[in-house]
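Coordinates in review
Here is how the chains run, residue by residue.
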Amino acid sequence: MICSGRSGQTLSERCGVEAILLVGGKGTRLRPLTISTPKPLLPTAGVPFLAHQLARASAAGVTRIVFATSYRSEMFEAAFGTEAYGLELVYVDERRPLGTGGAIRNAAQALVSKPDDPVLVLNGDILSGHSIPDQVQTHLESEAAVTLHLTEVDDPSRFGVVPTAPDGRVTAFLEKTNNPMTNRINAGSYVFRREVIDTIPFNEVVSVERETFPGLIASGETVMGFVDAHYWLDVGTPSAFVRGSCDLVTGLLESPALPGKPGPMLALEGANVSPRAVVTAGTVVGCDATIEAGSTVSGSVLFDEAVVAKGAWVRNSVLGRGARVASGAMLDGAILGDGAVVGPGNELGDGLRLWPGIELPPTAVRFSSDV
Ligand code: GDD
Ligand code: MG
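Residues numbered from 1 in each chain as written. Chains lettered and ligands numbered in written order. Predicted model: local features only at pLDDT ≥ 70, side-chain atom pairs only at ≥ 80, totals over all residues. Heavy atoms only, no water.

Looking at an unreviewed UniProt entry, the chain carries the name Nucleotidyltransferase, with the source organism given as Actinocorallia herbida. Turning to the chain, the UniProt annotation filed under Sequence similarities (unreviewed entry) states: "Belongs to the transferase hexapeptide repeat family." (UniProt positions renumbered as here; feature names shortened; annotations may be inferred.)

1. Quick word on the overall build of the chain
Assigned secondary structure in the chain consists of 8 helices and 32 strands. Against the globule reference of 21 Å for 371 residues, the chain gives a C-alpha radius of gyration of 21 Å, in line with a compact fold. Based on the C-alpha atoms only, the size of the chain along its principal axes is roughly 65 × 40 × 40 Å. In the chain, which comprises 371 residues, the proportion classed as buried is 56%. Within the chain, contacts between residues separated by at least 24 positions form 51% of all contacts whose residues are at least 6 apart in sequence. (Helix = DSSP H or I, 4+ residues; strand = E, 2+ residues; numbered from the N terminus. Rg over C-alpha atoms; globule rule 2.2 N^0.38 Å. Buried < 20%, exposed > 50% of the residue type's maximum accessible area, 1.4 Å probe, protein only. Contact = heavy atoms within 4.5 Å.)

2. Quick notes on the environment of V17
Looking at where V17 falls in the secondary structure, it is placed in strand β1 (residues 17-22). A relative accessible area of 2% means that V17 is categorised as buried.

3. Brief notes about unusual backbone geometry
At the junction of R31 and P32, the peptide bond is cis and its omega measures out at 10° in the coordinates. Of note in this structure, A45 is not a glycine but carries a positive phi near 50°. Summarising the element assignment, A45 is placed in the loop between β2 (43-44) and β3 (47-48). Residue A45 is classed as buried on the basis of its relative accessible area, which comes to 0%.

4. Quick look at the state of the cysteines
Counted according to the given criterion, the structure contains 0 disulfides. Considering cysteine sulfurs only, C287 is the nearest to C246, which forms no disulfide, with 17 Å between them. Given the relative accessible area of 26%, C287 is considered partly exposed. (Disulfide = S-S within 2.5 Å.)

5. Notes on the sheet that holds strand β28 (residues 341-342)
Spatially, β16-β19-β22-β25-β28-β31 is the arrangement adopted by the 6 strands of the open sheet, whose pairing is parallel. What marks the edges here is a single partner per strand, and that holds for β16 (272-273) and β31 (359-360). Sheet topology note: the strand β22 (residues 307-308)/strand β25 (residues 324-325) ladder contains 2 bridges and is parallel. Note on β25: the bridge partner recorded for V307 is R324. (Pairing = 2+ DSSP bridges.)

6. Comments concerning the coordination of the magnesium ion (ligand 2)
Around the magnesium ion (ligand 2), the protein contributes the donor atoms D125 (OD) and D234 (OD), at 2.1 to 2.3 Å from the metal centre. You can see D125 sitting in the loop between β7 (118-123) and β8 (126-128) and its partner D234 sitting in strand β14 (residues 232-234), a full 109 residues away along the chain. Comparing D125 with D234 shows no difference in burial state: the two are buried. (Donors = N, O, S within 2.8 Å, 3.2 Å for Na, K, Ca; no water.)

7. Some details on the pairing of strand β6 (residues 87-93)
In terms of burial, β6 is largely enclosed, as 5 of its 7 residues are buried. Pairing of strand β4 (residues 62-69) with β6, which is carried by 6 bridges, proceeds in the parallel orientation. Within β6, the position partnered with V66 by the bridge is V90. Pairing of strand β5 (residues 83-84) with β6, which is carried by 2 bridges, proceeds in the antiparallel orientation. Within β6, the residue paired with A84 across the bridge is L87. The antiparallel hairpin formed by β5 and β6 contains 2 residues in its connecting segment, where Y85 sits at a positive phi of about 50°.

8. Describing helix α7 (residues 208-218)
Where α7 is concerned, the buried positions are V208, E209, T212, F213, L216 and I217. Along α7, the residues classed as buried sweep out an arc of 130° about the axis, all on the same side. Projecting away from the buried face of α7 at angles above 90 degrees are the exposed residues R210 and A218. At its buried positions, α7 is contacted by α4 (99-107), β9 (146-152), β11 (174-175), β12 (184-193), α6 (194-197) and β13 (223-227). One or two residues past the end of α7 sits G220, with phi positive at roughly 85°. (Arc of directions from axis to C-beta.)

9. With respect to the UniProt feature "domain: Mannose-1-phosphate guanyltransferase C-terminal" (unreviewed entry) in the chain
As annotated in UniProt, the feature "domain: Mannose-1-phosphate guanyltransferase C-terminal" (unreviewed entry) corresponds to residues 263-343 in the numbering used here. The span residues 263-343 shows a helical share of 0% and a strand share of 42%, and its end C-alpha atoms are spaced 31 Å apart.

10. So, the packing of aromatic side chains
Counted under the stated rule, the structure contains 8 aromatic pairs. On the basis of an interplanar angle of 70° and a centroid distance of 5.6 Å, the ring pair of F159 and W232 is categorised as edge-to-face. Here F159 is found in the loop between β9 and β10 (160-161), whereas its partner W232 is found in strand β14, with 73 residues between them in sequence. Pair check on accessibility: F159 and W232 agree, each one buried. Measuring from ring centre to ring centre gives 4.9 Å for Y190 and F213, while their planes differ by 70°; the resulting arrangement is edge-to-face. Of this pair, Y190 sits in strand β12 while F213 is found in helix α7, placing the two residues 23 residues apart along the sequence. Each member of the pair, Y190 as well as F213, carries the same accessibility label: buried. (Phe/Tyr/Trp six-rings, centres within 6.5 Å; stacked < 30°, edge-to-face > 60°.)

Given below as structure tokens:
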């Protein structure tokens, strides 16, 4: 496999590449939404989250994807089958979670790439506008063992911190450190030389961030950074999940999988949105969901059959399947599990989560994480 050509070309114009998609995490920070559905399958801008990653990978020229599954593994093949967005899809399950490195090694059993070939590895909770072909190009030109996509964030302490030398080589990898020396972080998209994956111990729990990358750097292998400033988001927290969905709906990040045109609102089939409601900022209204007259809904995600009743006010929140916000209730940065009900008069503040099926009776009391 020989890749060459100008920046901006797709991989299929330069070469075909296969990828491993890491989707075995439990998504605990997104509970209760992830109790019934793994994080990569949560409805996001009208489709399962992964659809956006798959469509973008396909558009970049990736041809075959191996899913590394663990938590609720059976749901992935049920969602995407063996072919989607022009990609051949293969599923490799772990009997026990093997960590990110162990999962990559386990999934490598299903790769068809040769020892020298580049293999793309993607975290399954990332929205990114970076050019995958350019990342592969950097990898091949530098003859690296692995090339990491790096981006800059305001709070690097929640991520893998990755300092680089002036020539772009990675000099250290510090996973979730309290003293980050740079705001340049691991963006969760790697290009490995295939034979490097085969050096990860088989059937053992291994962290690629805490063991494989630091080990490669210590042994003098070339680990390259591909620094990029395009759109990037890890949707692993409730606020980031809501933001990611809204950014896809408004078109801030273009996605070939968006089921409609970008705009201030996306209403799915059977959604009933009153013309006397104000619905903005990239809100998605799920199938058969309802927004009644006089209500205001901004920057939110309504799963199928959710209801916002007359005069309710909802901002930056997620309403699980069939969840209901009664007249006059207010939600700001809240998460409602499937079938949860917020009775009239309740005010739910930032970070508040209601478990599936819980019903808050009518009240004058305010619920807020600040009080
Ligand atoms: N198959 C499998 N098995 N997948 C796993 C396992 C496992 O045991 N553990 C985690 N994953 C998957 C998750 O499903 C997710 O797609 C990906 O690996 C990363 O796990 P997260 O739990 O989302 O990690 P994080 O967000 O705290 O940190 C990672 O991503 C950051 C970028 O968003 C690290 O790679 C950081 O270094 C990085 O900065
Ligand atoms: Mg993550």
